[in-house]
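# Reading the structure
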Amino acid sequence: FLYVLTDRQVIVRRGLVGRSVRATTLDRIQNTTMSQTVMARLMRVGTIRFATAAGAGDAELRFLGVERPLEVERMARELIARGQSGAASPAVPLA
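Given the structure is predicted, the values throughout are model-derived calculations rather than measurements.

Take the overall build of the protein next. When helices and strands are tallied, the protein shows two helices and six strands. In sequence order, the protein lays out its α and β elements as β-β-β-β-α-β-β-α. Expressed as a percentage of its 95 residues, the buried residues of the protein come to 31%. Relative to all contacts within the protein whose residues are 6 or more apart in sequence, the contacts with residues 24 or more apart total 38%. For the protein, the exposed surface amounts to about 6,200 Å²; the carbon and sulfur share of it is 53%.

This brings us to helix α2 (residues 69–85). Taking 1.5 Å of rise per residue, 17 residues should cover 24 Å, and α2 covers 24 Å from first to last C-alpha, within 8% of that figure. If you check which residues of α2 are buried, you get P69, V72, E73, M75, A76, L79 and I80. Projected onto a plane normal to the axis of α2, the buried residues spread over an arc of 160° and lie on a single side. Away from its buried face by more than 90 degrees, α2 exposes L70 and S85. Check the buried side of α2 and you find it contacts β1 (2–5), β4 (29–35), β5 (45–52) and β6 (60–67).

Take T32: it is sitting in strand β4. Residue classification places T32 among the buried residues on the basis of a relative accessible area of 5%. Within the local environment of T32, its side chain forms a polar contact with the side chain of E73, the two groups lying 3.4 Å apart. Excluding residues that lie within four positions of it along the chain, T32 makes contacts with R49, F50, E73, R77 and I80.

Procedures and definitions
The written sequence of each chain sets the order in which its residues are numbered from 1. Under the rules for a predicted model, residues below a pLDDT of 70 receive no local features and side-chain atom pairs below 80 are neither given nor counted, while totals for whole chains, interfaces and linings still include all residues. Side-chain measures were taken over the full set of non-hydrogen atoms in the model, leaving aside hydrogen atoms and water. The numbering of helices and of strands both runs from the N terminus, where a helix is a DSSP run of H or I of at least 4 residues and a strand a run of E of at least 2. For every residue, the accessible area obtained with a 1.4 Å probe (protein chains only) is divided by the maximum for its type, and the residue is called buried under 20%, exposed over 50%, and partly exposed between those limits. Contacts: residue pairs with any heavy atoms within 4.5 Å of one another. Areas reported here follow the Shrake-Rupley algorithm with a probe of radius 1.4 Å; residue values treat only the protein chains shown as occluding. In a helix, the anticipated span is given by 1.5 Å times the number of residues less one. Directions from the helix axis toward the C-beta atoms define the arc. Any pair of N or O atoms that falls within 3.5 Å is considered a polar contact. Within protein, one atom must be able to donate a hydrogen and the other to accept it, and sequence-neighbouring residues count only if both atoms are side-chain atoms.

This is the structure in structure tokens:
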């Protein structure tokens, strides 16, 4: 998996042999959530979900096994808020 969060979009790339790429612009994201199972908390990773207004199949992008999930979700929310206010912001590295 490769997860990219920029000042304009969220991108999820999956696969080694067969590839799948999903992306959405930040202005389409309506909600972000972070979740952790007990085991994930012990491993200090989590899942970040980006919900959009798209149809049933494209309504959500997920970053799985993200280190520092609270920090990454906070950065995502800040980028989304800046985009809604029209302010320019730099890309956010995840690793």
